[in-house]
Amino acid sequence: MTAPEPEPVVLREDRLDFAPTADRVSFSRRRTARLVREWGYPGLAGDAALLVSELATNALLHGVVRGRLLRVRLALTATTLRVAVSDPWGERLPVLREATSEECYGRGLLIVAEIADRWGVEPRTVGKTVFAELALHRGPDAPMGPRELRAGPPHARAAETPTPR
């Protein structure tokens, strides 16, 4: 039996708990961009901010329980920037789907799946955490977007092939 891989060492971390309101989502987006730049990754600031915006908006629309907070957590390791949004509603799992051209909503996870190198859902004692990870090894010639099978919920996984943007 092989030992489980050790958790990566978190070099930088930020956590923000907030009331589920639209203004807190935009605040979280701006805060994320600022922190990622301060942590030395200005090239990832826009993608990280967009991931926070999409995940926090999904939590706001689909994961709110009256009187409970949402949480945005950023964690930087030697190889990855992880963006995670936790909400108190664990029964509602995100589903990757194609929105029709007439629909105003339904593209958030498609955006996350396109930008993130990996994304998925983790259960919590109360609620769930939806996360997206960006690899730090991106250089000017590195392809953007998915480079491996993502860890989305089994019912949400589709046949995925790496496609440069």
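A brief structural summary. Because the structure is a prediction, the values reported are computed rather than measured.

## Comments concerning the overall build of the chain
Across its full length, the chain carries 3 helices and 5 strands. Order of helices (α) and strands (β) in the chain, N terminus to C terminus: β-α-α-β-β-α-β-β. Counting only residues that meet the buried cut, the chain has 41% of its 165 residues in that class. Long-range pairs, those at least 24 residues apart, make up 64% of the contacts in the chain between residues at least 6 apart in sequence.

## What about the side chain of Thr129?
By the secondary structure assignment, Thr129 is in strand 5 (residues 128-135). In terms of polar contacts, Thr129 uses its side chain to reach the side chain of Ser86, at 2.6 Å. Non-local contacts of Thr129, meaning those with residues more than four positions away in its chain, are made with Ala84, Val85, Ser86, Gly120, Val121, Glu122 and Arg124.

## Concerning the pattern of salt bridges
One pass over the structure, following the stated rule, counts 8 salt bridges. Of the charged contacts, one joins Glu38 and Arg34 as a salt bridge, the two residues approaching to 3.2 Å between their closest N and O atoms. Taken together, the residues span about one helical turn, with Glu38 and Arg34 both in helix 1 (residues 22-38) at a distance of 4 residues. On the basis of relative accessible area, Glu38 is assigned to the exposed category, the value being 51%. Residue class for Arg34 comes out partly exposed when judged on its relative accessible area of 37%. With a closest N to O distance of 2.7 Å, Glu122 and Arg82 form a salt bridge. Taken together, the residues Glu122 in strand 4 (residues 118-123) and Arg82 in strand 3 (residues 80-87) connect sequence positions 40 residues apart. A relative accessible area of 32% means that Glu122 is categorised as partly exposed. Judged by relative accessible area, Arg82 falls into the buried class, the value being 15%. By sharing partners, the salt bridges in this structure join Arg82, Arg118, Glu122 and Glu133 into a single network.

## A short note on the environment of Ala22
For Ala22, the location among the structural elements is in helix 1. Between the C-alpha atoms of Ala22 and Leu60, which are 38 residues apart in sequence, the distance is 7.6 Å.

## Digging into the sheet that holds strand 1 (residues 12-18)
What the 5 strands build is an open sheet, ordered 1-2-3-5-4; its pairing is antiparallel. Edge strands, defined here as strands with exactly one partner in the open sheet, are strand 1 and strand 4. The sheet shows a mean angle of 15° between the axes of neighbouring strands, direction not considered. As paired elements, strand 4 and strand 5 share 6 bridges and run antiparallel to each other. Counterpart to Trp119 in the pairing with strand 5 is Ala132. Running over the sheet, helix 1 touches strand 1, strand 2 (70-76) and strand 3 and is turned about 170° from strand 1.

## Regarding the pairing of strand 3
Burial analysis of strand 3 places 8 of its 8 residues in the buried class, which makes it a mostly covered element. Because side chains alternate across strand 3, one face comprises the buried residues Thr80, Arg82, Ala84 and Ser86, and the other comprises Leu81, Val83, Val85 and Asp87, equally buried. Two elements, strand 2 and strand 3, share 6 bridges in a ladder whose sense is antiparallel. Considered in strand 3, the bridge of Arg71 is made with Ser86. Between the antiparallel neighbours strand 2 and strand 3 lie 3 residues.

Rules of the game
- Residues numbered from 1 in each chain as written.
- Predicted model: local features only at pLDDT ≥ 70, side-chain atom pairs only at ≥ 80, totals over all residues.
- Heavy atoms only, no water.
- Helix = DSSP H or I, 4+ residues; strand = E, 2+ residues; numbered from the N terminus.
- Buried < 20%, exposed > 50% of the residue type's maximum accessible area, 1.4 Å probe, protein only.
- Contact = heavy atoms within 4.5 Å.
- Polar contact = N/O pair within 3.5 Å; in protein donor to acceptor, adjacent residues only side chain to side chain.
- Salt bridge = Lys/Arg side-chain N within 4 Å of Asp/Glu carboxyl O.
- Pairing = 2+ DSSP bridges.
- Axes fitted to C-alpha atoms, helices over the stretch in contact; angles between N-to-C directions.

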